[in-house]
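Here is what each chain is made of, one letter per residue.
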Amino acid sequence: MVVYGELDAIARRLRRDARITVLTGAGISAASGVPTFRGAEGLWNEFRAEQLATLEAFARDPRLVWEWYDWRRQRIAACRPNAGHDVLAAWSRRFPHFTLITQNVDGLHERAGTRGVLRMHGSIWEVACWSGCAGSPARWTDEAVPLSEIPPRCIYCGGLIRPGVVWFGEALDPEIVGKCLEATRCDVFLTIGTSAVVHPAASLIEEARRRGAYTVEINLEPTPASAFVDVAVQGAAEQVLADIDRRLEQG
Ligand code: NAD
Ligand code: ZN
């Protein structure tokens, strides 16, 4: 249930000169039709994401893992950014000190026109050479849907390539982690549509709070973060964000 007084309070915090940081998870893209991993639709051929999005799974069966990524890329290509992505894109232009951190790999924030997105988990639209061959860049864009060959081949060495995403058990890019940590020094920190169980994403909320930010969660369900944020709004991201944005417009 959305308590409307809470939305007024949040809108009042979103002043033009405020430093605003937003962290999004799979929930922001749910209304676009991109399944979350933990929801009922997150299963693919009876596999869980944790059985497919790992180095070990890829080493064992690159074809299986690429079939899953090809399916996800096709699904995402058919999706459009929703009202939640659109509001955040508008805020990235409206507020001079605005940072968007996402755990999502779908590229929908970018397609909505959000500036300077920090992608903690990479992009499903990028690939890298599996063996890191000398001629190849660290990552490059490949938006072919569907893939012409599975598993796809490295255009530099002819060997295997891997999706440009961070798998379970892999380290995050330290440069991006550094920028995310820097962004926790803010006035308002919103965590939206993330289960807040995956670290270090979850610890960013705690860090923002420790540094004195006004912290807000928007999620369909309570999460471990609900207990310590200033306001936990229980509702759909696309609706709640549109409601807050309307309040900003009304000034
Ligand atoms: P998650 O699947 O664990 O959790 C999604 C959260 O969103 C849940 O807490 C759920 O209650 C909430 N939610 C669902 N619909 C919502 C809505 N309409 N409005 C508000 N909240 C809603 O996802 P996660 O915590 O982001 O972490 C899982 C990892 O899986 C991520 O790190 C990400 O890399 C990856 N992933 C990415 C995508 C994507 O790119 N769209 C999709 C699935 C998983
Ligand atoms: Zn190569």
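Everything below is about the structure printed above this text.
First, a word on scope: everything that follows refers to the structure included in this document. These numbers were taken from a predicted model, which means no experiment stands behind them.

**A word on the packing of helix H6 (residues 83-94) against helix H10 (residues 237-250)**
Between H6 and H10, the least distance of the axes is 8 Å, while the angle of their chain directions is 40°. Regarding H6 and H10, the two cross each other, and that crossing is left-handed. Together, Ala-83, Gly-84, Val-87, Leu-88, Trp-91 and Arg-94 of H6 and Glu-238, Leu-241, Ala-242, Ile-244, Asp-245, Leu-248 and Glu-249 of H10 make up the contact between the two elements. Residue composition of the contact of H6 with H10, by class: eight nonpolar, one polar and four charged.

**Overview of the packing of helix H1 (residues 4-13) against H10**
Their axes nearest at 9 Å, the elements H1 and H10 cross at an angle of 55°. Judged by the inter-axis angle, H1 sits oblique to H10. In terms of crossing hand, the pair formed by H1 and H10 is right-handed. The residues of H10 that touch H1, namely those facing Tyr-4, Leu-7, Asp-8, Ile-10 and Ala-11, are Val-240, Asp-243, Ile-244, Arg-247 and Leu-248. Partitioned by chemical class, the residues of the contact of H1 with H10 number seven nonpolar, no polar and three charged.

**Considering the coordination of the zinc ion (ligand 2)**
As a benchmark, a tetrahedral metal site with four donors has ideal angles of 109.5 degrees, while an octahedral site with six donors has ideal angles of 90 or 180 degrees. Only Cys-129 (SG), Cys-133 (SG), Cys-154 (SG) and Cys-157 (SG) from the protein coordinate the zinc ion (ligand 2), and they sit 2.3 to 2.4 Å from it. Coordination at the zinc ion (ligand 2) comes from four donor atoms whose angles at the metal span 106 to 115°, giving a geometry best classed as tetrahedral. Each donor residue of the zinc ion (ligand 2) belongs to the same chain, with the gaps between them written as C-x3-C-x20-C-x2-C. You can call Cys-157 partly exposed: its relative accessible area is 41%.

**Topic: the nonpolar core**
Counting residues in hydrophobic clusters, the biggest one holds 28 residues, and the most contacted among them are Leu-14 and Trp-91. Elements with a minimum of two residues in this core: H1, strand S1 (20-24), H6, strand S2 (98-102), strand S7 (188-192), strand S8 (214-219), strand S9 (231-234) and H10. With five residues, the top contributor of residues to this core is H10. Each residue touching Leu-14, except ones within four places of it in the same chain, is listed here: Ile-20, Trp-91, Phe-95, Val-188, Leu-190, Ile-244 and Leu-248. Residues Ala-49, Leu-52, Trp-66 and Trp-167 belong to the second largest nonpolar core, which totals 27 residues.

**Details of the pattern of salt bridges**
Counted under the stated rule, the structure contains 16 salt bridges. When the shortest N-O distance is used, the salt bridge between Asp-142 and Arg-73 registers 3.5 Å. Of this pair, Asp-142 sits in the loop between strand S5 (140-141) and strand S6 (161-165) while Arg-73 sits in helix H5 (residues 62-77), placing them 69 residues apart in sequence. Each member of the pair, Asp-142 as well as Arg-73, is classed as buried. Linking Glu-149 and Arg-153 is a salt bridge whose minimum nitrogen-to-oxygen distance equals 4.0 Å. The exposure class of Arg-153 is partly exposed, given its relative accessible area of 39%.

**Here we look at the packing of aromatic side chains**
On inspection of all chains with the given rule, the structure shows ten aromatic pairs. Here Trp-44 and Trp-71 contribute two aromatic rings whose centre-to-centre distance is 6.5 Å and whose plane-to-plane angle is 35°, an arrangement assigned as tilted. Here Trp-71 lies in helix H5 and Trp-44 lies in the loop between helix H2 (27-30) and helix H3 (49-52), a separation of 27 residues in the sequence. Among the residues examined, Trp-44 registers a relative accessible area of 8% and is labelled buried. Their ring planes at 65° and their centres at 6.2 Å tell us that Trp-66 and Tyr-69 sit as a pair that is edge-to-face. Here Trp-66 pairs with Tyr-69, and both are found in helix H5, just three residues apart, close to one helical turn. Take Trp-66 and Tyr-69: they sit in the same class, and that class is buried. Linked through ring pairs, Phe-37, Trp-66, Trp-68, Tyr-69 and Phe-168 together constitute an aromatic cluster. The ring of Tyr-214 carries Arg-13 above its face, with NZ or CZ at 3.9 Å from the centroid. Just above the ring of Trp-167 sits the side chain of Arg-162; from NZ or CZ to the centre is 3.9 Å.

Rules of the game
Residues numbered from 1 in each chain as written. Chains lettered and ligands numbered in written order. Predicted model: local features only at pLDDT ≥ 70, side-chain atom pairs only at ≥ 80, totals over all residues. Heavy atoms only, no water. Axes fitted to C-alpha atoms, helices over the stretch in contact; angles between N-to-C directions. Helix = DSSP H or I, 4+ residues; strand = E, 2+ residues; numbered from the N terminus. Left-handed = near helix turned anticlockwise from the far one by under 90°. Contact = heavy atoms within 4.5 Å. Nonpolar A, V, L, I, M, F, W, Y, C, P; charged D, E, K, R; others polar. Parallel < 35°, antiparallel > 145°, perpendicular 65-115°, else oblique. Donors = N, O, S within 2.8 Å, 3.2 Å for Na, K, Ca; no water. Tetrahedral: all angles 85-135°; square planar, octahedral: opposite > 155°, others 65-115°. Buried < 20%, exposed > 50% of the residue type's maximum accessible area, 1.4 Å probe, protein only. Core = buried A, V, L, I, M, F, W, Y, C linked by side-chain atoms within 4.5 Å. Salt bridge = Lys/Arg side-chain N within 4 Å of Asp/Glu carboxyl O. Phe/Tyr/Trp six-rings, centres within 6.5 Å; stacked < 30°, edge-to-face > 60°. Lys NZ or Arg CZ within 6 Å of the ring centre and 35° of its normal.

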